[in-house]
Amino acid sequence: MEEIIKKLNSLKSIKPDQNWKISQRELLMSQISNFSPEKNSSGNFFLYIKEAFLHDISFLSQPVASMAVIIFLIVGGGFFSISAASEATPGSFLYTAKIVGEKTQFIFTPNSEEKVKLQVRFAQRRVEEIGGLAYGSEHQIIEKIADSLKNEISAMQERLAEIEADNPETALELAKEIESKTNILRQQLKSSRQTIANQSSSAESKINEAIRSVDKAGLSALNTIARSADSNNDKNDINNRVAAKLETAKEKISEVQSDADKVFSAGLGRSENGIQIYDQSKNDDKKQVVENKTNEASMAITEAEELLKNDDYKAAIEKINESQVILDEASEKVDESKKEADENIGTSTPQVKGAIEQADETTSEGGAINTEEAEAL
């Protein structure tokens, strides 16, 4: 054993031959060259850079550091790419760089048509990010991303209107893309909302707001298509799109009715002592308001269906717009009631717990408590 240790210690004095060092350096550089983005995707190179800086994630998570990374990527030219951070997820150390990179890309895109396409792409990313976080507990991050999505959708909608005023043909093609994409985004957001429904009412409410924003943009795009349909003899396409939108409207009416049933059936209120009690009359009033609005929206959709049968798709779209406004009001009222219920539960639960504990103590000390004592509690 001692002999082996001596031999191992003797290895410390061995120095590599200079020629060997040169050959190994050349081999290493060759391997790095083969790993470059010219032969692999920028995503792979990004992973390489990420691994290289894992020892100082806290530094890179700072906004200033993220900006430095962006500048580094821009200055790097062909070897580095701003799209390298496109796969960063919320909470990761380069997510800020990803957002700054999107804004940089948008600013340096001179063409309005391409700007709209970028906004559609960025909106898709936000929806995917929400979907990725829905299974976790980062509810506050979801709320922020939902707000960002609403802003992106609103800006996209405004830009489409500007393009339509100057170039209706270009606006038509963009509107078709937006209308189709918003249908997909809506379904993805619905899935995320369903996942998070029992975890955070505030995050669920934010997702509902995002869905309403997406629906509004889709209808706006449909209006743009309708205004161009006559001149482009594309009535079959617009009829199909309006029919699909009618089905979506029916689906949304059912969603609002279902949400209202869940929220108002709870009927929770508070007594002066903070103890949870049922206040069904108050909830019945709120539920009735929502029911009236959903019934009104249903009537508008029925009228829209009849108008579409007569090929009056423009009037049908107007009725869908009318229904959308009514449903948004109903949906907002349901969301408000959810928040109120959560606030009541949050503020009253500790007092309920205290009352129960006090009752237990009284019972253990002096036997069963009488009616007056119970009422006092």
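On to the overall build of the protein, then. Scanning the protein from terminus to terminus reveals 14 helices and two strands. The proportion of buried residues among the 377 residues of the protein is 37%. Taking the intrachain contacts of the protein between residues at least 6 apart in sequence as the baseline, contacts between residues at least 24 apart amount to 68%. Accessible area of the protein: about 21800 Å², with a carbon and sulfur share of 52%.

Time to look at the pattern of salt bridges. In the structure shown here, the tally under the stated rule is 30 salt bridges. When the shortest N-O distance is used, the salt bridge between arginine 227 and glutamate 164 registers 2.8 Å. You can see arginine 227 sitting in helix α10 (residues 201–232) and its partner glutamate 164 sitting in helix α8 (residues 139–166), a full 63 residues away along the chain. The exposure class of glutamate 164 is buried, given its relative accessible area of 17%. For lysine 250, the salt bridge is made with glutamate 305, and the minimal N-O distance between the two is 2.4 Å. Of this pair, lysine 250 sits in helix α11 (residues 235–266) while glutamate 305 is found in helix α12 (residues 280–309), placing the two residues 55 residues apart along the sequence. The class of lysine 250 is partly exposed, set by a relative accessible area of 32%.

In a regular helix each residue adds 1.5 Å, so 13 residues correspond to 18 Å; helix α6 (residues 95–107) covers 19 Å between its end C-alpha atoms and thus fits that length. Along α6, the residues classified as buried are Tyr95, Ala97, Lys98, Val100, Gly101, Glu102 and Phe106.

Of all hydrophobic cores here, the largest spans 57 residues; its most connected members are Ile130, Leu149, Ile153, Leu189, Ile238 and Val242. Listed by contribution, the elements that provide at least two residues to this core are α7 (112–133), α8, α9 (168–196), α10, α11, α12 and α13 (313–366). Of the residues forming this core, the biggest block, 12 residues, is contributed by α10. Residues in contact with isoleucine 238, not counting those within four places in the same chain, are Leu222, Ile225, Ala226, Ala229, Tyr313 and Ile317.

A few words now on the environment of serine 265. Here serine 265 shows up in helix α11. By relative accessible area, serine 265 is classed as partly exposed at 49%. A sequence separation of 22 residues divides serine 265 from lysine 287, and the C-alpha atoms of the two residues are 8.9 Å apart.

A separate point is the side chain of threonine 109. Within the secondary structure, threonine 109 sits in the loop between α6 and α7. Once you skip the residues sitting within four places of it in the chain, threonine 109 turns out to touch Glu114, Lys115 and Leu118.

At their nearest, the axes of α7 and α8 sit 9 Å apart, and the two run at 160° to each other. Between α7 and α8, the angle falls in the class roughly antiparallel. Taken as a pair, α7 and α8 cross one another with a handedness that is left-handed. Tallied by class, residues from the contact of α7 with α8 come to 16 nonpolar, three polar and six charged.

A separate point is the packing of aromatic side chains. Taken as a whole, this structure holds zero aromatic pairs when the rule is applied. Geometry around phenylalanine 106 places lysine 115 over its ring, the cationic atom sitting 4.1 Å from the centre.

In this section: the environment of glutamine 124. Inspection of the secondary structure puts glutamine 124 in helix α7. Sequence separation between glutamine 124 and threonine 182 is 58 residues, and the spatial gap between their C-alpha atoms is 9.2 Å. Discounting residues that sit within four places of it in the chain, glutamine 124 has contacts with Lys181, Leu185 and Gln188. A polar side-chain atom of glutamine 124 sits 3.0 Å from a polar atom in the side chain of glutamine 188.

Across the interface, α6 lies against α7 with an axial gap of 10 Å and an inter-helix angle of 165°. As far as their axial angle goes, α7 and α6 are roughly antiparallel. You can see that α6 and α7 cross each other, and the crossing is left-handed. In this structure, α6 uses Tyr95, Lys98, Ile99, Glu102, Gln105, Phe106 and Ile107 to contact α7, whose residues at the interface are Lys115, Leu118, Gln119, Arg121, Phe122, Arg125, Arg126 and Glu129.

What follows is about the confidence of the model for the protein. Counting all residues, the mean pLDDT for the protein is 75, and 62% of those residues have values of 70 or more. Taking the mean pLDDT of every element in the protein, the minimum, 40, falls on helix α4 (residues 57–60) and the maximum, 95, on α7. Scored below 50 in pLDDT, residues 76–81 makes nine contacts in the model with residues more than four places away or belonging to other chains. Scored below 50 in pLDDT, residues 268–278 shows 29 contacts in the model against residues more than four places distant or in partner chains.

Thresholds, definitions, all that
Along every chain, residues carry numbers that run from 1 in the direction the sequence is written. Where local features are concerned, this predicted model is filtered to residues with pLDDT of at least 70; where side-chain atom pairs are given and counted, the filter is 80 or more; whole-chain, interface and lining totals use all residues. Heavy atoms throughout the structure, all of them, feed into the side-chain values; hydrogens and water do not. By definition, any uninterrupted DSSP run of H or I lasting at least four residues is a helix, any uninterrupted run of E lasting at least two residues is a strand, and each is numbered from the N terminus. Burial classes follow relative accessibility: with a 1.4 Å probe on protein chains only, a residue under 20% of its type's maximum area counts as buried, one over 50% as exposed, and anything between as partly exposed. Only heavy atoms matter for contacts: two residues are in contact if any of them lie within 4.5 Å across the pair. Values of accessible area rely on a 1.4 Å probe in the Shrake-Rupley scheme; residue burial ignores everything except the protein chains shown. One speaks of a salt bridge when a side-chain nitrogen belonging to Lys or Arg is within 4 Å of a carboxyl oxygen belonging to Asp or Glu. A helix's residues, less one, multiplied by 1.5 Å, set its expected span. What makes a nonpolar core is a set of buried Ala, Val, Leu, Ile, Met, Phe, Trp, Tyr and Cys residues whose side-chain atoms join them at distances within 4.5 Å. Only C-alpha atoms enter the line fits that serve as axes; for helices the fit covers just the stretch in contact. Angles between N-to-C directions range over 0 to 180 degrees. Here the angle decides the label: under 35 degrees means roughly parallel, over 145 means roughly antiparallel, 65 to 115 means roughly perpendicular, and every other value means oblique. Crossings are classed by handedness, with left-handed meaning an anticlockwise turn of the near helix from the far one by less than a right angle and right-handed meaning a clockwise turn. Each residue is assigned to one of three groups, with Ala, Val, Leu, Ile, Met, Phe, Trp, Tyr, Cys and Pro labelled nonpolar, Asp, Glu, Lys and Arg labelled charged, and all others, Gly among them, labelled polar. Stacked, edge-to-face and tilted labels apply to pairs of Phe, Tyr and Trp rings (six-membered ring for Trp) whose centres lie within 6.5 Å, assigned for plane angles under 30 degrees, over 60, and everything in between, in that order. Two conditions define a charge located above a ring, namely a distance within 6 Å from the ring centre to NZ of Lys or CZ of Arg, and an angle within 35 degrees of the ring normal. Polar contacts here mean pairs of N or O atoms no more than 3.5 Å apart (in protein, one a potential hydrogen donor and the other a potential acceptor; neighbouring residues in sequence count only if both atoms are side-chain atoms). Values of pLDDT, which run from 0 to 100, indicate the predictor's confidence residue by residue.

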